[in-house]
Amino acid sequence: MIKKNQLRGIAAGIFCLGVLLGGIGTGIALLEFSDFTYQSVPAPEEDYVKETFDYRIMPEEGEMIRLRNYFGGTICRMKEQEDIPVNSVEIAVVYNSKLCEVATEKGKDNENGEIWINLYLSHVSSEMEMFMRHKDEFLNGLKNRELRDYQEEYVRSVEYRINPADSERFRIIY
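Read on for an overview of the structure. Keep in mind that this is a model prediction, so the values were computed, not measured.

**Considering the sheet that holds strand S4 (residues 76–80)**
If you walk across this open sheet you meet the four strands as S2-S5-S9-S4, and the pairing is mixed. The sheet terminates laterally at strand S2 (48–56) and S4, the two strands that pair on one side only. Put simply, the sheet's adjacent strands are angled 20° from each other on average, direction ignored. Relative to strand S5 (residues 88–96), S2 runs antiparallel, the two sharing nine bridges. For Val-49, the partnering residue across the bridge sits in S5 and is Tyr-95.

Put into structure tokens, the structure is as follows:
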């Protein structure tokens with residue numbers, strides 16, 4: 001018959017052995033992982049397309065034109081060009097056609113006296129689609145001791161081109 005003190009000693013020994021083996025396993029895993037190299041893999045250039053949307057707008061006196069997009073301010077910019085007609089906007093978008101489609105819509109907000117143009121993604125690939133597209137390459141990278149990071153941009157750039165005479169009427173909203 002095993003006494004309580006002996007049982008506690010056996011349990012403490014098993015616990016210490018588990019901690020020791022866990023530490024050894026963690027050390028081996030970190031040692032193996034430290035040999036891996038990192039590789040950033042950009043999306044192929046042929047996946048990117050440039051699409052242009054033209055809008056002729058007939059605003060009433062004092063009416064503002066809001067250019068809305070959901071892509072953030074770092075990739076969007078306003079450019080003034082003399083060759084763009086007054087009361088017009090040309091929207092040039094560079095996006096990854098394998099991941100999404102870009103669409104626009106135009107409307108009028110009579111309460112605020114504004115015309116708005118929305119630029120948005122109409123079809124977006126899911127995270128699972130992106131994973132499945134790269135899974136074989138990723139697994140081959142693991143075999144070669146490489147961690148591959150696939151850089152998938154939905155939208156690379158958005159440029160709103162307007163006539164300099166319209167610079168006070170057009171505003172980009174994020």
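**Focus: the sheet that holds strand S10 (residues 170–173)**
Spatially, the four strands line up as an open sheet ordered S6-S7-S3-S10, and their pairing is mixed. Looking along the sheet, the strands with just one partner apiece sit at the ends: strand S6 (100–109) and S10. Averaged over all neighbouring strand pairs, the angle between strand axes comes to 20°, with direction disregarded. Note that strand S3 (residues 64–69) and strand S7 (residues 114–124) share six bridges and pair parallel.

**Focus on the nonpolar core**
Residues Ile-57, Val-89, Ile-91, Val-93, Leu-119 and Val-158 are the most contacted members of the largest nonpolar core, which totals 21 residues. At the level of secondary structure, the elements contributing two or more residues to this core comprise S2, S3, S5, S6, S7 and strand S9 (155–162). Sequence-distant contacts of Val-158, defined by excluding residues within four places in its chain, comprise Phe-71, Ile-75, Cys-76, Arg-77, Ile-91, Ala-92, Val-93 and Leu-119.

**What to know about the pattern of salt bridges**
Once their charged atoms are close, side chains differing in charge can pair, the charge on each being opposite to the other. In the structure shown here, the tally under the stated rule is 11 salt bridges. With a shortest N-O distance of 3.1 Å, Glu-45 and Arg-156 are connected by a salt bridge. Of this pair, Glu-45 sits in the loop between strand S1 (37–42) and S2 while Arg-156 sits in strand S9, placing them 111 residues apart in sequence. Looking at Glu-45, the relative accessible area reads 54%, which means it is exposed. The class of Arg-156 is partly exposed, set by a relative accessible area of 29%. Glu-153 is the salt-bridge partner of Arg-156, the closest N and O atoms lying 3.4 Å from each other. Exposure remark for Glu-153: the relative accessible area of 34% places this residue in the partly exposed category. Here the salt bridges share partners, and the residues they tie into one network are Arg-77, Glu-90, Glu-159 and Arg-161.

Cut-offs used in this document
Residues numbered from 1 in each chain as written. Predicted model: local features only at pLDDT ≥ 70, side-chain atom pairs only at ≥ 80, totals over all residues. Heavy atoms only, no water. Pairing = 2+ DSSP bridges. Helix = DSSP H or I, 4+ residues; strand = E, 2+ residues; numbered from the N terminus. Axes fitted to C-alpha atoms, helices over the stretch in contact; angles between N-to-C directions. Core = buried A, V, L, I, M, F, W, Y, C linked by side-chain atoms within 4.5 Å. Buried < 20%, exposed > 50% of the residue type's maximum accessible area, 1.4 Å probe, protein only. Contact = heavy atoms within 4.5 Å. Salt bridge = Lys/Arg side-chain N within 4 Å of Asp/Glu carboxyl O.

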